[in-house]
Amino acid sequence: MIDSGAETFGGPLMCDIEGTRLNDVERGWLSDPCVGGIILFARNVESPEQMRKLCDDIRRCRSNIVIAIDQEGGRVQRLRNGVTTLPPMAQLGQYYRRLPDEALLLARDTGWLLAMEMAACGADFSFAPVLDLDDARCPAIGNRAFSDDPHHVTALAGAFIEGFEEAGMASVGKHFPGHGGVTLDSHLVMPEDTRTLEALESHDLIPFRSLSDRLTGIMPAHVRFTQVDDRPAGFSKRWLEYLRHDIGFEGVIVSDDLSMEGAAMAGGPGERVMAALEAGCDLTLLCNDPEAAARARDRLARHEMAPAARQRLGRLHFSGERLTLEALRALPRWQRTYDSLQQIDTRSD
């Protein structure tokens with residue numbers, strides 16, 4: 001990862017755009033100094049060529065912006081046309097139980113392929129990998145998780161991160177300290193987890209602690225862990241100080257989407273963004289609500305961003321070579337990985 005200075009990054013807000021092209025209003029607010037990033041959704045991306053053109057257009061408006069996408073595999077794959085269809089990570093977990101060495105190699109190659117394809121399409125990074133455990137409880141996680149075993153998740157996610165690193169892409173582990181132990185979806189409600197810190201440390205927190213020195217970023221969950229703090233993790237100084245000081249994480253802390261219902265307890269858009277920043281987040285996401293994003297930008301006009309946070313955020317820029325998809329597909333590694341992924345259903349049985 002690159003370790004760039006303050007001039008390489010904008011402000012602490014990442015928001016979204018309406019369609020497959022920038023409109024005039026969006027071109028206007030992209031110059032706002034509080035905006036540091038854009039996240040792309042399925043409505044924004046139709047093909048690799050269109051996505052690359054859109055990303056280039058965004059950067060013409062704001063050269064130092066970072067562009068992100070949720071491209072995990074399985075059901076969370078925003079761009080589907082013209083790129084490799086990735087399996088849910090649980091299939092790699094099943095494969096690992098049978099043939100761990102082969103599964104780790106495929107996890108590393110999958111991370112590399114995903115990163116190289118998204119870079120070819122213009123993105124700086126994808127919000128991946130998922131470090132949650134699939135305890136067969138949470139509908140928001142399920143087969144997005146590598147496994148229900150924290151040590152298996154650590155091994156597979158570590159290999160996946162290695163692939164990202166080889167490509168030159170930042171990795172963002174989610175959702176700290178673990179979203180898999182609740183039965184409710186934080187997109188819709190505020191979930192509560194009643195386990196103690198000690199119970200979490202012996203289970204959900206293992207991948208985050210083990211991989212903290214290799215992750216570029218970590219995303220906290222919109223989950224309230226009632227035995228630790230009465231505020232959800234992304235708004236909790238207690239949790240984010242634990243991440244910084246007890247775990248020793250030195251990378252970017254990026255909030256989950258603050259338009260989700262799990263963030264409603266913090267107030268309106270401006271209050272949500274400021275509460276996340278005051279708790280210790282470096283970058284805040286506010287998506288799918290243009291009016292709320294505008295209100296947040298107004299509130300952030302009075303916010304002075306710390307140089308250390310701005311420097312951390314600079315590490316999210318893609319630092320590798322952006323090959324064309326045609327050049328990428330000519331590489332033996334891409335072909336080997338693509339072929340292996342087509343057979344993952346039989347390999348994971």
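Everything numeric here is computed off the predicted structure, so don't read it as measured data.

> Describe the overall build of the protein chain, with residues and values.
Within the protein chain one finds 14 helices and twelve strands. Taking 2.2 N^0.38 as the reference for a compact globule, 349 residues should give roughly 20 Å; the C-alpha atoms of the protein chain span a radius of gyration of 19 Å, in line with that estimate. Along the longest, intermediate and shortest principal axes, the C-alpha atoms of the protein chain span 55 × 50 × 35 Å. Residue burial in the protein chain is summarised as follows: out of 349 residues, 62% are buried. Partitioning the intrachain contacts of the protein chain with sequence separation of at least 6 by distance along the chain shows that 78% fall at a separation of at least 24. A total of about 13400 Å² of accessible surface is found on the protein chain, and carbon and sulfur atoms cover 46% of it. With 38 positive and 53 negative side-chain charges, the protein chain shows a spacing of 3 Å between the two charge centroids.

> I'd like a description of helix α13 (residues 332-342), backed by residues and values.
Those residues of α13 lying buried are R333, W334, T337, S340 and L341. Down the axis of α13, the sector holding all buried residues measures 135°, keeping them to one side.

> Residues and numbers for the pattern of salt bridges, please.
In the structure shown here, the tally under the stated rule is 22 salt bridges. We note a salt bridge from R144 to E72, for which the minimum N-O separation is 2.7 Å. Separated by 72 residues along the polypeptide, R144 in the loop between β6 (125-126) and α5 (150-167) and E72 in strand β4 (residues 71-73) bring together distant segments of the chain. According to the relative accessible area criterion, R144 is buried, its value standing at 10%.

> Account for the sheet that holds strand β2 (residues 35-40), with residues named and values stated.
Sheet strands line up and pair through hydrogen bonds in the backbone, either parallel or antiparallel. Here eight strands make up an open sheet; going across it, the order is β6-β3-β2-β1-β12-β11-β9-β7 and the pairing parallel. A single partner strand is all that each edge strand has here, and the edge strands are β6 and β7 (172-176). Two elements, strand β9 (residues 217-220) and strand β11 (residues 252-257), share two bridges in a ladder whose sense is parallel. Within β11, the position partnered with I218 by the bridge is I253. The sheet contacts of helix α10 (residues 290-300) involve β1 (13-15) and β2, and relative to β1 the element is tilted by about 165°.

> Can you break down the nonpolar core residue by residue, with the values?
M51, M118, F125, F127, W239 and L316 are the most contacted members of the largest nonpolar core, which totals 117 residues. Broken down by element, this core gets its largest block of residues, eleven residues, from helix α4 (residues 100-120). Setting aside anything within four residues of it in sequence, one finds W239 in contact with F176, P177, L197, L200, L205, F225, V228 and A233.

> Describe the confidence of the model for the protein chain, naming the residues involved and giving the relevant values.
Confidence along the protein chain averages 92 in pLDDT terms, with 93% of residues attaining 70 or more. Taken as a whole, residues 1-7 scores under 50 in pLDDT and shows 18 contacts with residues more than four places along the chain or in a different chain.

> Please provide a residue-by-residue account of the state of the cysteines, values included.
Under the definition given, this model contains zero disulfides. No disulfide involves C121; its sulfur sits 8.0 Å from the nearest other cysteine sulfur, which is in C55. For C121, a relative accessible area of 1% puts it in the buried group.

> Requested: an account of the packing of aromatic side chains, with residues and values cited.
Between two aromatic rings, the relevant description is the distance of the centres plus the angle of the planes. A complete count under the given rule lists eight aromatic pairs for this structure. When the centroid spacing of 5.5 Å and the interplanar angle of 65° are considered together, the rings of F225 and W239 count as edge-to-face. Linking F225 in strand β10 (residues 224-225) with W239 in helix α8 (residues 237-246), this pair joins segments that are 14 residues apart in sequence. The exposure class assigned to W239 is buried, which follows from its relative accessible area of 0%.

> How would you explain the packing of helix α3 (residues 89-98) against α5 if you had to name every residue and give the values?
In the contact formed by α3 and α5, the axes pass within 10 Å of each other and the chain directions differ by 115°. In terms of orientation, α3 lies roughly perpendicular with respect to α5. Along this stretch, α3 crosses α5, giving a crossing that reads as right-handed. Touching M89, L92, G93, Y96 and R97 of α3 are H152, A155, L156 and F160, all from α5.

About the thresholds
Here the residue index of a chain counts from 1 through its sequence in written order. At least 70 in pLDDT is required for a residue's local features to be given in this predicted model, at least 80 for side-chain atom pairs to be given and counted, and no such filter applies to totals for whole chains, interfaces and linings, which use all residues. The side-chain figures draw on all heavy atoms in the structure; neither hydrogens nor water molecules are used. Secondary structure elements are defined from DSSP: runs of H or I of at least 4 residues count as helices, runs of E of at least 2 residues count as strands, and each element is numbered from the N terminus. C-alpha atoms define the radius of gyration, and 2.2 Å times the number of residues to the power 0.38 defines the globule rule. Relative accessibility under 20% of the residue-type maximum defines a buried residue, over 50% an exposed one, and the middle range a partly exposed one, all with a 1.4 Å probe and only protein chains included. Any two residues whose heavy atoms approach within 4.5 Å at even a single point are treated as in contact. Per-residue and other accessible areas follow the Shrake-Rupley method at a 1.4 Å probe size, with only the shown protein chains counted as cover for residues. The charge count includes Lys and Arg as positive and Asp and Glu as negative, but it does not include His or the ends of the chains. Charged groups are reduced to one reference atom each: NZ for lysine, CZ for arginine, CG for aspartic acid, CD for glutamic acid. Summarising the geometry, the arc corresponds to the directions from the helix axis toward the C-beta atoms. The working definition used for a salt bridge is a side-chain nitrogen of Lys or Arg within 4 Å of a carboxyl oxygen of Asp or Glu. Here, strands pair whenever DSSP counts at least two bridges between them. Each axis is a line fitted through C-alpha atoms, taken for helices only over the stretch in contact, and angles between the N-to-C directions span 0 to 180 degrees. Residue types Ala, Val, Leu, Ile, Met, Phe, Trp, Tyr and Cys, when buried and joined through side-chain atoms within 4.5 Å, form a set referred to as a nonpolar core. A score from 0 to 100, pLDDT tells how confident the predictor is in each residue. Disulfide: a pair of cysteine sulfur atoms within 2.5 Å of each other. In this analysis, rings of Phe, Tyr and Trp, with Trp reduced to its six-membered ring, are considered paired at centre separations within 6.5 Å, and the interplanar angle assigns stacked below 30 degrees, edge-to-face beyond 60, and tilted for intermediate values. Roughly parallel means an angle under 35 degrees; roughly antiparallel, over 145; roughly perpendicular, 65 to 115; everything else is oblique. The sense of a crossing depends on the near helix, which, turned anticlockwise from the far helix by less than a right angle, makes the crossing left-handed and, turned clockwise, makes it right-handed.

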